[in-house]
Amino acid sequence: MRMTWVVVLLIALAASAFSAEAPLMLYDSGHVKSRIVTSARATALETLAVQEINRTTRAIWGFELPVSDAGAAPELHNSIVIGTPDGNPVIRQLAASARRDFDWLGREGFRIRRIEEARGSYLALAANTPAGVLNAARYLAAFSLQNQGGTVAAATDAVNRKPAFAMRGTYNLACWGLAPRYSRQDWEKIIDAMADDGMNVIFFWLSGLFRSKTYPETFIYPETPLTTDDVRQLIRHAHSRGVDFYLGTGVFAWFGVDEIAKHHAEVREVGIQHMCRTLPAAQEAMQRYLMELYDTFPEAKGMWLEIGCEGDYHCQGPVCQRVVDEFGSRQIGLSELSFLRAFSAELWKKYPQAKLVWGMGYPEAHKWDVKYYDEIRRNFRDPRYYFLEVRQNWALQDREGVLKPLAELSPHTMHWDQYYALPLRDMGERAHRIQEDGLAGWIVAFEPGFSTHSMYGRRVPYPVDLIPYRLTRFAYREFTFDPSLSWTGFRKRLLAHFFGEEANPELADLTLTVFDLIRTGPIRGSYAELTKPVDGAGHGQMLKPRLAAIEKRLNSMESGLAPRGRQIGLPLLRQAIRDMREAYSVR
């Protein structure tokens with residue numbers, strides 16, 4: 001009896017080892033050995049998932065996997081099966097026996113498993129929704145497709161993965177520098193990159209670009225090629241990529257909206273150049289503008305409302321600055337929130353599904369305003385309200401001035417960063433803190449007309465697939481899905497994705513060095529540099545021997561690189577070196 005159990009145990013261990021370690025052969029000796037099995041009625045996102053896998057195999061190794069219908073595929077041996085329980089009968093069968101695992105995945109998570117059954121041994125990429133399927137395909141393409149000698153195979157290690165934050169995306173400024181000149185096609189490519197990064201929202205700035213009929217003076221960028229129909233197409237494009245499109249706009253201030261105050265004296269206090277927050281005429285004008293914006297683009301998922309509280313934009317008139325309690329709270333805060341309440345009530349009559357994201361945390365307007373934050377805590381609990389903290393506050397005051405964690409303000413509070421300016425390791429630490437603090441999301445600034453911390457500020461459009469931004473994007477995706485990822489673990493993923501998991505670890509050092517040489521250089525790609533170019537000659541002298549040394553090391557490693565390194569990592573580094581030499585006049 002004991003011998004029988006030993007035999008059974010050995011068989012189980014052998015099967016487990018095969019399931020976890022034996023790769024799935026995709027390509028060998030010039031022949032495709034696998035295929036992708038999907039639903040006959042694949043959704044747009046599931047179709048993108050198939051394209052993501054084949055785009056990678058084609059770009060690196062020069063082959064594509066054929067695609068077949070799960071319903072017409074009795075034989076599954078050596079296949080990659082992708083889909084959801086609703087769409088793919090093979091995945092439905094798997095979900096029936098692993099319901100708890102599928103519940104854990106939520107809306108955007110996925111699981112990858114090697115499956116052994118009567119129809120053969122195959123790799124299952126399973127999720128509850130098409131968005132999760134696409135995330136699974138991205139993971140497979142990024143990390144699981146590797147060379148095995150003269151073959152290409154997919155790793156079959158079990159993976160369970162889901163994003164740590166519900167809201168992931170960009171505060172997307174299209175109103176600085178050269179950004180208003182971007183075409184719809186330019187923005188579509190940028191949105192595609194954001195989708196590849198696992199982002200699911202974009203707050204797309206439209207003030208100044210929106211051709212309002214009620215307040216035509218607010219259209220201030222005649223150079224923009226974006227038409228009203230272009231914006232509608234952008235919204236549909238974002239949604240087809242799994243990215244929810246929010247209409248971004250200033251409220252009482254900022255680009256274009258300032259023109260309302262210039263043309264309509266009744267919205268200003270006497271002697272004040274910006275719109276008042278308290279005067280009924282100002283609130284009515286602002287509400288008309290915002291309602292027209294949403295009526296024009298009703299397909300949007302919501303609005304990003306950037307209240308004009310930054311710098312001198314916050315209302316400084318005596319009506320708004322009236323002190324309302326012993327703690328120094330002022331009328332401006334109560335007026336802004338009464339506007340938000342009135343506007344949201346009006347908007348939700350027509351568009352009850354619309355979500356509203358409100359910016360807050362500005363010290364210029366609300367540093368000591370306990371009533372402002374207490375009002376948010378008490379009276380803005382509707383789940384359609386989201387709040388974006390934009391000034392690195394991790395705690396805000398309660399009604400008696402005691403600092404309380406952000407998550408206590410609202411379960412839908414999010415954190416904001418100019419992530420393009422951050423070292424990659426800091427991004428990991430930031431993601432960990434956001435998770436630890438229980439915040440609802442991490443919204444990061446994509447503002448290529450304002451600043452990029454690179455030498456690409458004059459490029460139209462900004463190159464999202466070059467260093468440094470390509471690495472910033474990669475870090476954002478990995479840390480938002482896994483905030484507990486160690487720096488050592490991140491370096492391994494960077495190496496595996498850009499060069500192949502067996503590549504020389506020094507390639508990670510070289511890549512991170514190139515990233516920092518660009519990010520910390522004196523050329524920041526800011527709007528100010530359009531009229532006042534930076535003299536980078538001194539920096540160029542510092543770069544000259546360093547770039548030569550990096551180039552020499554890359555050349556010495558080139559012959560040992562796998563196809564992933566030759567096709568992805570090495571061209572990225574060489575392009576960055578060429579562009580630094582040009583930008584800083586390195587001869």
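Notes on the structure in this doc start here. Not measured: the values here are computed from a predicted model.

The description of an aromatic ring pair rests on the distance of the ring centres and on the angle between the ring planes. Applying the stated criterion across every chain, the model contains 40 aromatic pairs. Between Tyr-372 and Tyr-373, the ring centres sit 5.0 Å apart and the planes meet at 80°, which makes this aromatic pair edge-to-face. Under the relative-accessibility criterion, Tyr-373 is labelled buried at 2%. When the ring of Trp-487 is compared with that of Phe-490, the centres are 5.3 Å apart and the planes differ by 20°; the resulting orientation is stacked. Of this pair, Trp-487 and Phe-490 both sit in helix α15 (residues 487-498), separated by 3 residues, roughly a single helical turn. Residue classification places Phe-490 among the buried residues on the basis of a relative accessible area of 1%. Three or more aromatic residues link up through ring pairs in this structure, and these residues are Tyr-182, Trp-187, Phe-204, Phe-245, Tyr-419, Trp-442, Phe-446, Tyr-456, Tyr-462, Tyr-469 and Tyr-476.

Between helix α17 (residues 537-557) and helix α18 (residues 563-583), whose axes approach to 11 Å, the crossing angle comes to 160°. In terms of orientation, α17 and α18 fall into the roughly antiparallel class. The element α17 and its partner α18 pack so that their crossing is left-handed. Where α17 abuts α18, its residues Leu-543, Leu-547, Ala-548, Ile-550, Glu-551, Leu-554 and Asn-555 lie against Leu-570, Leu-573, Arg-574, Ile-577, Met-580 and Arg-581.

Spatially, 8 strands are ordered β11-β12-β13-β14-β15-β16-β19-β20 in a closed barrel, and the strand pairing comes out parallel. Within the sheet, the average angular offset between the axes of one strand and its neighbour, ignoring direction, is 25°. Both strand β19 (residues 413-417) and strand β20 (residues 441-446) contribute to a ladder of 4 bridges, which runs parallel. Bridge pairing in β20 links His-415 to Trp-442. Those strands touched by helix α13 (residues 424-436) are β19 and β20, and its axis lies near 145° from that of β20.

The strand order across the open sheet built from 4 strands is β2-β1-β9-β8, with neighbouring strands paired in antiparallel fashion. Strand pairing shows two members of the sheet lacking a second neighbour, β2 (31-32) and β8 (145-148), which therefore form its edges.

Here the bond from Val-460 into Pro-461 is cis, since omega is -5°, no more than 30 degrees from zero. Counting through the fold element by element, Pro-461 comes out in the loop between β20 and α14 (469-481). The amide bond that connects Ile-467 to the next residue, Pro-468, takes the cis arrangement and shows omega of 20°. With respect to the helices and strands, Pro-468 occurs in the loop between β20 and α14.

An α-helical segment advances 3.6 residues per turn. Residues three or four places apart therefore align on the same side. Relative to the 21 Å expected for 15 residues at 1.5 Å per residue, helix α5 (residues 130-144) spans 20 Å between its end C-alpha atoms, a close match to the ideal helical length. Counting buried positions along α5 gives 14 out of 15 residues, so the element sits mostly inside the fold.

So, on to the pairing of strand β16 (residues 385-389). With 5 of its 5 residues buried, β16 lies for the most part within the structure. Sheet topology places strand β15 (residues 355-360) next to β16; 5 bridges connect them, and they run parallel. From the neighbouring strand, Val-357 faces β16, where its bridge partner is Tyr-386. Direction of pairing for β16 relative to β19: parallel, over a ladder of 3 bridges. Directly across from Glu-389, in β19, lies its bridge partner His-415.

Locating Thr-84 in the fold gives a position in the loop between β5 (80-83) and α3 (89-96). On the accessibility criterion, Thr-84 (4% relative accessible area) is buried. With near-sequence residues (within four places) excluded, Thr-84 lies in contact with Glu-46, Ile-91, Ala-127, Asn-128, Thr-129, Pro-130 and Val-133.

Further remarks concern α14. Here α14 is 13 residues long and its end C-alpha atoms lie 18 Å apart, about the 18 Å a rise of 1.5 Å per residue gives. Most of α14 is tucked away, with 13 of its 13 residues classed as buried.

Estimated volume of the largest pocket: approximately 720 Å³. When contributions to the lining of the largest pocket are tallied by element, the ones reaching two or more residues are α2 (44-61), α5, α6 (184-196), α14, α15 and α18. No other element matches α6, which puts 6 residues into the lining of the largest pocket. Split by residue class, the lining of the largest pocket holds 15 nonpolar, 3 polar and 13 charged.

Criteria and thresholds
Residues numbered from 1 in each chain as written. Predicted model: local features only at pLDDT ≥ 70, side-chain atom pairs only at ≥ 80, totals over all residues. Heavy atoms only, no water. Phe/Tyr/Trp six-rings, centres within 6.5 Å; stacked < 30°, edge-to-face > 60°. Buried < 20%, exposed > 50% of the residue type's maximum accessible area, 1.4 Å probe, protein only. Helix = DSSP H or I, 4+ residues; strand = E, 2+ residues; numbered from the N terminus. Axes fitted to C-alpha atoms, helices over the stretch in contact; angles between N-to-C directions. Parallel < 35°, antiparallel > 145°, perpendicular 65-115°, else oblique. Left-handed = near helix turned anticlockwise from the far one by under 90°. Contact = heavy atoms within 4.5 Å. Pairing = 2+ DSSP bridges. Expected span 1.5 Å × (residues − 1). 1 Å grid on protein atoms, 1.4 Å probe; cavity = no way out; pocket = protein on both sides within 12 Å on 5 of 7 lines; lining within 4 Å. Points joined across faces, edges and corners; volume = space filled by probe spheres on them. Nonpolar A, V, L, I, M, F, W, Y, C, P; charged D, E, K, R; others polar.

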